[in-house]
Amino acid sequence: MSGGKTTNFVKNKNSYSLPARNLDKNLRINFLVGNSLFRRIWEDAAISENIAKDGLGPFFSSTSCDGCHISDGRGHLPILEIDEDLISAVIQIGQPTKIENTNEKNHNDSTYGGQLSEFSTEDVLEEAQISIQYEFMNVAYDDGTIVQLKKPKVIIDKLNYGDLEPNTSSSIRIAQVMIGLGLIENIAEEDILKLQDIDDSNSDGISGKANVTWDMQESKFKIGRFGWKASQPTVLQQTADAFYHDMGLSNKFYPNASNCTETQFDCNNSVSGNSEIYDNFEVSNDQLDLVTFYSSQLGVPAARNQKKADVIAGKKIFYEVGCNSCHVERYITRSDGPFENLNNQIISPYSDFLLHDMGDGLSDQVPEFEAEGNEWRTPPLWGIGLTKIVSGRESYLHDGRAESLEEAILWHGGESIESKNKFKNLDINQRNQLLKFISSL
Ligand code: HEC
Ligand code: HEC
């Protein structure tokens, strides 16, 4: 029952898409309307004949939430065989220097902002053409087994608005899984903060710190929980950010109908989809709340095969090699959260929601609030064994470089190097048991 009473027992393509099982019947309608907005394909205001759907762009990375969070699951890198575009991931850009005590997550590029988009509406030139190149490398176990790893690199083939600032770096981020997000938001702040060990006082090589982010709704700093670097404090704010930065749709947090910087003239002068019927935005306050509700109320699929001998042995190994130092199994959610059905739930996300130095191999040069280039939030592991069934393929880690759970583990470095090395020193049977355990989640 990984997600407490929200847990579903479905093992098919819909495993990530079901409402919390304990959601009040009267609220299901909100979930359904939120779902339809999550799947809505938005249109260019200059050509759309449907005021309800217009407002896309001028710059966008996809035309619907579901276009990236496919079946409410994770995104992936372009499929090489079909020469695919980057359709379920985004390119974050920023300066490598951190800025202290500000409500901006990092130094944006002065011309292109914080994200580089490959798509634009008809009257506006897209920002860039991008392709991905791979560097391949092999890792060998002592028993001779070899695993090939691949590392993606962003190649900017063309920039349509001049050069990036000299120091601007880019970072590929695949869309994340949408399950259990309301439960994560409902974990008490002190339960996350007490897992911090910023100076590594217990000398286990693992520190862990919470990101401190700007909550736009409450106008104050708050710990971050969402995103690969935990730079978003709430599902609401992440949703508003996605509408604006990923699809170019204005809302109460980002009122400008055009998601461009001052120097992108065509973009600034393009047709606005802001409309009085929608609170003078492209996405109304109600619509934003409904998509947030939907995103908060997706249930978590149950763990499977928990009584099988290999899975039980694999769980023991998970603890023995120290995976649980970061992938923390269990919490009880708050009793006073905003959604009654998400209160007092015993949940098993397998994450501490803290930032960890994961080594140079995984580093990018784009800090976000307190998160440095080499620091990432421990991702939850619940539901991860259903990835292939839901998404048709596997792609793990922030840029989707790992095509199997084993590859994902082999990329662990920095604070997790000792745990990774212990994994590498297991015999093949034990390694498979650990992988079976994670696949059972
Ligand atoms: C162009 C692709 C794209 C689109 C469209 C998109 N997302 Fe995302 N989403 C992402 C990526 C990439 C991340 C991770 C961002 C990061 O950490 O840099 C993410 C993260 C999230 C998260 C945080 C999940 C977690 O586990 O922390 C939520 C919630 C979310 N998106 C909701 C939405 C909603 C709601 C929409 C539609 C309004 C949407 N997204 C549209 C790509 C997309
Ligand atoms: C020091 C903290 C830490 C330890 C120890 C650790 N992990 Fe992780 N794990 C992370 C972080 C952070 C990421 C995300 C890295 C990224 O996306 O670049 C991650 C990612 C993963 C992923 C991919 C998840 C996804 O959604 O893409 C898997 C699977 C995983 N870890 C399993 C393990 C296993 C198994 C062990 C023990 C052998 C382990 N981890 C030990 C912090 C840790």
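Residue positions are counted from 1 within each chain, in the order its sequence is given. For this description, chains carry letters from A and ligands carry numbers from 1, given in the order in which they are written. Local features are withheld for residues below a pLDDT of 70 in this predicted model, meaning they are given only at 70 or higher, and side-chain atom pairs are given and counted only at 80 or more; totals for whole chains, interfaces and linings count all residues. Excluded from the side-chain calculations are hydrogens and water; all other atoms, namely the structure's heavy atoms, are used.

Q: Lay out the pattern of salt bridges with the relevant residues and their values.
A: Between side chains of opposite charge, a pair can form as their charged atoms come close. The salt bridge criterion pairs a side-chain nitrogen of Lys or Arg with a carboxyl oxygen of Asp or Glu, the two atoms within 4 Å. The final tally for this structure, using the stated rule, is 20 salt bridges. A salt bridge links Arg 431 to Asp 143; the nearest nitrogen and oxygen atoms lie 3.3 Å apart. A residue pair is termed long-range when its members are at least 10 positions apart, and Arg 431 in helix α12 (residues 428-439) and Asp 143 in the loop between β7 (128-140) and β8 (146-159) qualify at 288 residues. Any residue under 20% of the maximum accessible area for its type is buried, any over 50% is exposed, and the rest in between are partly exposed; the area is computed with a 1.4 Å probe on protein chains only. The buried category is assigned to Arg 431, whose relative accessible area is 3%. The numbering of helices and of strands both runs from the N terminus, where a helix is a DSSP run of H or I of at least 4 residues and a strand a run of E of at least 2.

Q: Summarise the coordination of the iron atom of ligand 1; cite the residues concerned and give the values.
A: Counted as coordinating are nitrogen, oxygen and sulfur atoms within 2.8 Å of the metal, or 3.2 Å for Na, K and Ca, while water is not included, which may make sites look incomplete. The sole protein-derived ligand of the iron atom of ligand 1 is His 69 (NE2), positioned 2.0 Å away. One can find His 69 in the loop between α2 (65-68) and β4 (89-94).

Q: Lay out the pairing of strand β10 (residues 212-215) with the relevant residues and their values.
A: Moving residue by residue along a regular strand, the side chains alternate between the two faces of the sheet. Where β10 meets strand β11 (residues 220-223), four bridges bridge the pair, whose relative direction is antiparallel. Within β11, the position partnered with Trp 214 by the bridge is Phe 221. Should DSSP find at least two bridges between two strands, the strands are taken to pair. Linkage of β10 to β11, two consecutive antiparallel strands, is achieved through a turn of four residues, within which Ser 219 is found at a positive phi near 50°.

Q: Describe in detail unusual backbone geometry, supporting the description with residues and values.
A: The omega angle of the peptide bond from Gly 57 to Pro 58 is 10°, so this bond is cis rather than trans. Within the element layout of this structure, Pro 58 appears in the loop between β2 (54-56) and β3 (59-60). Its identity is not glycine, yet Asn 344 carries a phi of approximately 55°, on the positive side.

Q: Give me the sheet that holds β4: which residues, what numbers.
A: Judged by pairing direction, the sheet is antiparallel, and its three strands sit side by side in the order β5-β4-β9 without closing on themselves. Edge positions in the sheet fall to β5 (115-116) and β9 (169-174), since each has one partner strand and no second. Sheet analysis places β4 next to β5, joined by two bridges and oriented antiparallel. Its bridge partner being in β5, Gln 92 is matched across the sheet by Gln 115.

Q: Lay out the state of the cysteines in plain terms, naming residues and giving numbers.
A: Two cysteine sulfur atoms form a disulfide, by the criterion used here, when they sit within 2.5 Å. Overall, the coordinates contain one disulfide when judged by the stated rule. A disulfide bridge connects Cys 260 with Cys 267, and the sulfur atoms are separated by 2.2 Å. The S-S bond linking Cys 260 to Cys 267 shows a torsion near -90°; that makes this disulfide left-handed. Since its relative accessible area comes to 16%, Cys 260 is described here as buried.

Q: With reference to specific residues and values, describe the environment of Ser 395.
A: Inspection of the secondary structure assignment puts Ser 395 in the loop between α9 (387-391) and α10 (405-410). Setting aside residues up to four positions removed in sequence, Ser 395 forms contacts with Arg 74, Gly 75, His 76, Ile 174, Gly 400 and Ala 402. Side-chain polar atoms of Ser 395 contact the backbone oxygen of Gly 75, separated by 2.7 Å. The contact rule is simple, with two residues in contact once any of their heavy atoms fall within 4.5 Å. Counted as a polar contact is a pair of N or O atoms within 3.5 Å, where, for protein atoms, one must be capable of donating a hydrogen and the other of accepting one, and residues adjacent in sequence contribute only when both atoms are in side chains.

Q: I'd like a rundown of the side chain of Ser 250, residues and numbers included.
A: The topology assignment puts Ser 250 in the loop between α5 (235-247) and α6 (265-268). Within the local environment of Ser 250, its side chain forms a polar contact with the side chain of Asn 274, the two groups lying 2.5 Å apart. The residues contacting Ser 250, other than those within four sequence positions of it, are Tyr 244, Pro 255, Asn 256, Ala 257, Asn 274, Phe 281, Glu 282 and Val 283.

Q: Please provide a residue-by-residue account of the packing of aromatic side chains, values included.
A: Note on aromatic pairs: the rings of Phe, Tyr and Trp (six-membered ring only in Trp) are paired at centre separations within 6.5 Å, and the planes decide the class, stacked below 30 degrees, edge-to-face beyond 60, tilted for the rest. The tally for this structure, following the rule as stated, stands at 16 aromatic pairs. Relative to Tyr 294, the ring of Phe 31 lies with its centre 4.8 Å away and its plane at 45°, an arrangement referred to as tilted. In this pair, Phe 31 is assigned in helix α1 (residues 28-39) and Tyr 294 in helix α7 (residues 285-296), connecting sequence segments 263 residues apart. Tyr 294 matches Phe 31 in its accessibility class, with the two residues each being buried. Geometrically, the ring pair formed by Tyr 350 and Phe 437 is edge-to-face, given 5.9 Å between the ring centres and 75° between the ring planes. Within this pair, whereas Tyr 350 is found in the loop between β13 (346-347) and β14 (355-357), its partner Phe 437 is found in helix α12, the two being separated by 87 residues in sequence.

All quantities given are derived from atomic positions and should not be read as evidence of function.
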